[in-house]
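Structure at a glance
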Amino acid sequence: MLHERIPNLANFVEPDRVRREVYTDAAIFEMEMERIHEHVWIYCGHETQVPKAGDYYTTRIGRQPMLMVRGKDGKVNVLYNRCPHRGSMMCGDRSGNAGEFFRCSYHSWTFHHDGKLRAIPMMESGYAGTRWTRDNPDCNMKRAARVENYRGFVFASLAAEGPGLLEFLGRSKVAFDDICDRSPEGEVEIVPNCFRVIQHSNWKIFLENQLDALHPSVTHQSTGRAAREVELEIEKRTGKIPLSYHMLSAFSTVTIEKWDNFQTLNYPYGHCILTGYMGLRPQDPDTLEYERVLAKAYGEKRKEEILSTNIHHVLIYPGLSVQSPLQQLRAVRPLGVDKTLTEIWHFRLKGAPEPIYRRALAYYNLVNSPSTLINADDLENFWKAHQGLSSDGGDWVSFHRHYGRDAEKDGIVETAPNCGTSEAPMRNQMKAWTQYMASGK
Amino acid sequence: MKKRTVKKPARKTAAAGRPVRAAKTAPNGHDTQHAVEQFLYRQAELLDEKRWQDYIDLFAEDGMYWMPPEPSHATWDGMPAIFAEDKNLMTVRMKRVLHPDAWSQRPLWGTNHVVGNVVVERESPNGDVVARSRFHMMELRRDDVRHFAGLYIHHLKKTKDGYRIKLQRVDMTNAQAAFDYVLQVWV
Ligand code: FES
Ligand SMILES: [Fe+2]
C-alpha cells in the first residue's frame, strides 16, 4: 500500500518528474492540507470585502472553514468558523454582518468580533464549579495563529511559527504592488462579485497550468480563432477593434514559438512569475488619459516604471493565481483530492478613469466568469489529466521541457532565453512541495 | 437563413368565454400571448437543437443576451456579468463551439429546455412586447446531469419577420451557486 510508503515521500518527486500518486492519493492529500495549506500563508480576501464593523466573509484554509471579520477597532480578524460550545459552525451563509457580536444559533453563546467570549446563557447558575470559566481560552472562538495584511490583501497562517508574510512572499509580492501601483491612489477596492467554479481535479493540476506557456495556443485555439475571425469582420465594418477581442484572439495569433519569448522566474516557496507584456498600452484616448492621471500622481519617471512592469501572471504557491495588469485573481481552495474550487475576484483601481476598469472587466467577464470562453477547455484538460493520472497506464508525470537549461542565481531560477515554455515553474512548485512535505509538523 | 416568422393563430376559439388576464394589458389579447409563447418555445428549441446561427438571428442588430450574477443588478453596463453578449460576442461563442478543436465540446453534450409561465407584461402600440417566463434546463455532459432554472425577461421588438430580441435578461436561480464546470453556451 502506498500509505506505508509515505515516509519515503521524497521518492515520489524527482527534479524532472513526479509520481502520479502525488495527484491522486487521498492520504497524500490529507498530508498536503496539514503540512502545506494549513501551515503556510493563505490568501483570505481583500479588506474592502468587509468594510464595516461586524462584516464577515467565509473562506477556507486547507480543510478549515474560516471567517474573515472586521472588528469595531477596524482590525480584520481571521477566526475558525466554529462555536467552542458544541462545535457548530458559527456563520452558515457566505457573507454578511454579524451585528454587535456573533451569536451562535444553537445555544446563544455570543462572541466579540475578535473571537473573545462575550456571554454564555446561565453562566453563573449553569457553569459554577465546572472548569468552563470565563478565563479559559477554550471559551473563545479560535483565531488563526497569524494574520497579516499587505496593501489590503489579507493572509492568514494556521501555524504559529514560520516566515512572516513578506518573507514568505519574497519577490512574488510584486503581484500586489503591480495591482495597487496602477491606481493613482495606490489602492484598489473589491468589485463586489465572486465567480466560483469547481473543477474535478487535483489542486496542483490547476496551479501547474497557470504558467504553462505552451498550452494556450493548443488548448485555446478554438476561441482564439473565433475571436480573430470576428474581430477582422468588426474591423472591416468599423475600422477599429475593441481591445477585449485582442485579449482573446491572442490565443491564436501568439504561436507556440512566440510564447517561448516569454520568460519565467521561479522563486523560493514555489512562487513563480510569467513575464510577457499583455499589450495594455495602446495609444487610444482612454489609455492616454489614464497615463496623464498616473503621471500627475507619481511623476513621469515613476509612471513609466509602473506601466512597464513586465508581468503576465504571478503564482503564489500554493493557493493564488494573480493577473496583476488586469487586477484580477483566482484563489484556489482544495475541496478534496480530486475536487478544487476557484474563487475569482476583480479589483477596481481607485482614482483611475472608468474605461480602464471596463477594459479589465471585459476580461473578467469573458475569461474568468462561469461562461468563460477560455477556461471551458482548461477545465476539460484538468479533468482528463486527473482521470489519466488515476490509471495504472504509467507512473510518472514528465516535467522535462527545457530541463537542464535553468540558471539559478540568488535562489531565483531563470529559464534560458527563448525558453518561455519551460516546465521550470512546475519543477519549482514540486521543489517547494517536497520541502514542505518533508518538514512535517 | 430560414424565416422565423411567428404566424398569427388562425382561430381564436381556444380561450373563448374564459377570462384571460393578459388581455387586460395586451391590446391584442391572446394573439400576443400566443405569438410570444410560440416565439419563446422556438427560441428554446433552437438551443436544444444546437442551431446557433438561427438562435443568434433571433436577436435584433443591437440585441443583448444578459445573465447578471444577481437579481439586484439593473444593467450589464460596467458590471460583472455571467453573460453580457452582443451579436458579435455571440458569434465568437458560436464559432468557438463549432471549431473542431473546441475540446470541451467533444464529449456527449446536450440540453433540454422547458419554458412556461409566460406573462406578457407590456405591449406598446407599435407591437413591442416585454414578457416574463420561467425556464428549466437540464444538461447532460458525459455522464453528468446538471439543472439550471430561472426567469427570462424578453424585450421583443415587432418586425415584419416576427419578433426580434432587443434584450433577453436571464436571472438564473443558481447564478450565485458555485458552478460545477462552466456554461459553454447561452441558457
Ligand atoms: S454550539 Fe454554539 S452555543 Fe451551543
Ligand atoms: Fe488555459
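Residues numbered from 1 in each chain as written. Chains lettered and ligands numbered in written order. Predicted model: local features only at pLDDT ≥ 70, side-chain atom pairs only at ≥ 80, totals over all residues. Heavy atoms only, no water.

1. Some words on the overall build of chain B
A count of helices and strands for chain B gives four helices and seven strands. Sequence-ordered secondary structure for chain B, helices as α and strands as β, is α-α-α-β-β-α-β-β-β-β-β. Burial status across chain B gives 53% buried among its 187 residues. As displayed, chain B offers around 9,100 Å² of accessible surface, 53% of which is attributable to carbon and sulfur atoms. (Helix = DSSP H or I, 4+ residues; strand = E, 2+ residues; numbered from the N terminus. Buried < 20%, exposed > 50% of the residue type's maximum accessible area, 1.4 Å probe, protein only. Areas by Shrake-Rupley, 256 points an atom, 1.4 Å probe, with all protein chains shown as cover.)

2. Observations concerning the overall build of chain A
Counting its regular elements, chain A contains 16 helices and 23 strands. Relative to a compact globule of 441 residues, whose C-alpha radius of gyration would be 22 Å, chain A shows 23 Å and is just as compact. The dimensions of chain A, computed from C-alpha atoms along their principal axes, are 80 × 60 × 40 Å. Among the 441 residues that make up chain A, the fraction classed as buried is 57%. (Rg over C-alpha atoms; globule rule 2.2 N^0.38 Å.)

3. Looking at the coordination of the iron ion (ligand 2)
The textbook angles at a metal center are 109.5 degrees for a tetrahedron of four donors and 90 or 180 degrees for an octahedron of six. Coordination of the iron ion (ligand 2) by the protein comes from H215 of chain A (NE2), H220 of chain A (NE2), D378 of chain A (OD) and D378 of chain A (OD), over a distance range of 2.1 to 2.3 Å. Of note is the iron ion (ligand 2), whose four donor atoms meet at the metal with angles of 57 to 145° in an arrangement that counts as irregular. (Donors = N, O, S within 2.8 Å, 3.2 Å for Na, K, Ca; no water. Tetrahedral: all angles 85-135°; square planar, octahedral: opposite > 155°, others 65-115°.)

4. A word on the interface of chain B and chain A
Taken together, the contact pairs 32 residues of chain B with 39 residues of chain A. For the pair chain B and chain A, the summed buried surface comes to about 3,100 Å²; carbon and sulfur atoms form 56% of the total. Its largest share of buried area at the contact with chain A, chain B owes to V92, R96 and W103 of chain B, together 19% of the area lost on that side. There are five salt bridges connecting chain B and chain A. Note that E380 of chain A is salt-bridged to R142 of chain B, the shortest N-O span being 2.9 Å. Taken together, the connections running from chain B to chain A amount to 24 residue pairs in polar contact (both at pLDDT 80 or more). Breaking the side of chain B that touches chain A down by element, the ones donating at least two residues are α4 (87-98) and β7 (179-180) of chain B. Considering every element that reaches the side of chain B that touches chain A, the biggest residue donor is α4 of chain B, with seven residues. In the side of chain B that touches chain A, the residues fall into 17 nonpolar, six polar and nine charged. (Contact = heavy atoms within 4.5 Å. Buried area = accessible area lost by both parts, 1.4 Å probe. Salt bridge = Lys/Arg side-chain N within 4 Å of Asp/Glu carboxyl O. Polar contact = N/O pair within 3.5 Å; in protein donor to acceptor, adjacent residues only side chain to side chain. Nonpolar A, V, L, I, M, F, W, Y, C, P; charged D, E, K, R; others polar.)

5. Considering the sheet that holds strand β7 (residues 95-97) of chain A
Residues and elements named next belong to chain A. A sheet is described by the order of its strands in space; here four strands give the open sequence β6-β5-β4-β7, paired in antiparallel fashion. Both outer strands of the open sheet, β6 (76-80) and β7, are each paired with one neighbouring strand and no more. Each strand axis lies, on average, 30° off the axis of its neighbour in the sheet, ignoring direction. (Pairing = 2+ DSSP bridges. Axes fitted to C-alpha atoms, helices over the stretch in contact; angles between N-to-C directions.)

6. What to know about the sheet that holds strand β8 (residues 102-103) of chain A
Residue and element names in this part refer to chain A. Read across the sheet, three strands follow the order β8-β9-β10 without closing on themselves; strand pairing throughout is antiparallel. Edge positions in the sheet fall to β8 and β10 (117-119), since each has one partner strand and no second. Bridging between strand β9 (residues 110-111) and β10 involves two bridges; their strand directions are antiparallel. Within β10, the position partnered with T110 by the bridge is A119.

7. Regarding the pattern of salt bridges
Side chains carrying opposite charge are able to pair once their charged atoms draw close together. Applying the stated criterion to the full structure yields 43 salt bridges over all chains. Here D392 of chain A makes a salt bridge to R20 of chain A, at a shortest N to O gap of 2.6 Å. With a gap of 372 residues between them, D392 of chain A in the loop between α15 (375-389) and β21 (396-398) and R20 of chain A in the loop between β2 (17-19) and α2 (21-24) connect regions that are remote in the sequence. Between D101 of chain B and R106 of chain B there is a salt bridge, and its shortest N-O distance comes to 3.5 Å. Residue D101 of chain B is classed as partly exposed on the basis of its relative accessible area, which comes to 25%. Ionic contacts of the salt-bridge type, sharing partners, join the residues R151, K173, D177, D181, R302 and E305 of chain A into one network.

8. Considerations on the domain arrangement of chain A
All names here are of chain A. For chain A, the domain assignment lists domain 1 (42-150) and domain 2 (170-213 + 260-439). Each of domain 1 and domain 2 has a C-alpha centre, and the two are 32 Å apart. If you look at the interface, domain 1 gives 12 residues, while domain 2 gives 18 residues. Buried surface at the junction of domain 1 and domain 2, summed over both partners, amounts to about 1,200 Å²; 60% is from carbon and sulfur atoms. The three residues of domain 1 that bury the most area against domain 2 are Y43, R60 and Y150, which together make up 47% of that side's buried surface. Where domain 1 packs against domain 2, one counts zero salt bridges. Counting the contacts that link domain 1 with domain 2 gives six residue pairs in polar contact (both at pLDDT 80 or more). Elements that contribute at least two residues to the side of domain 1 that touches domain 2 include exactly β3 (42-46) and β4 (55-61). (Domains from an automatic or database assignment.)

9. A look at the packing of helix α7 (residues 203-210) of chain A against α15 of chain A
In a pair of packed helices, the angle between the axes and the distance between the axes together describe the arrangement. Residue and element names in this part refer to chain A. The N-to-C vectors of α7 and α15 enclose an angle of 130°; their axes lie 10 Å apart at closest approach. Viewed along their axes, α7 and α15 adopt a mutual orientation that is oblique. Remark: the crossing between α7 and α15 carries right-handed chirality. Here I205, F206 and N209 of α7 come into contact with α15, specifically with D378, F382, A385, H386 and L389. (Parallel < 35°, antiparallel > 145°, perpendicular 65-115°, else oblique. Left-handed = near helix turned anticlockwise from the far one by under 90°.)

10. Quick look at the nonpolar core
F153 and W433 of chain A together with Y65 and W186 of chain B are the most contacted members of the largest nonpolar core, which has 137 residues in total. Among the elements that line this core, the one with the most residues is helix α2 (residues 30-48) of chain B, at seven residues. Beyond its immediate sequence surroundings of up to four residues, Y65 of chain B is in contact with Y55, F59, F83, A84, E85, M90, Q168, V170, W186 and V187 of chain B. (Core = buried A, V, L, I, M, F, W, Y, C linked by side-chain atoms within 4.5 Å.)

11. Brief notes about unusual backbone geometry
Residues and elements named next belong to chain A. For the bond running from Y317 to P318, omega is 5°, close enough to zero to count as cis. Here P318 lies in the loop between β17 (313-316) and β18 (320-323). For M122, which is not glycine, the phi dihedral falls at a positive 60°. Within the element layout of this structure, M122 appears in the loop between β10 and α4 (123-127).

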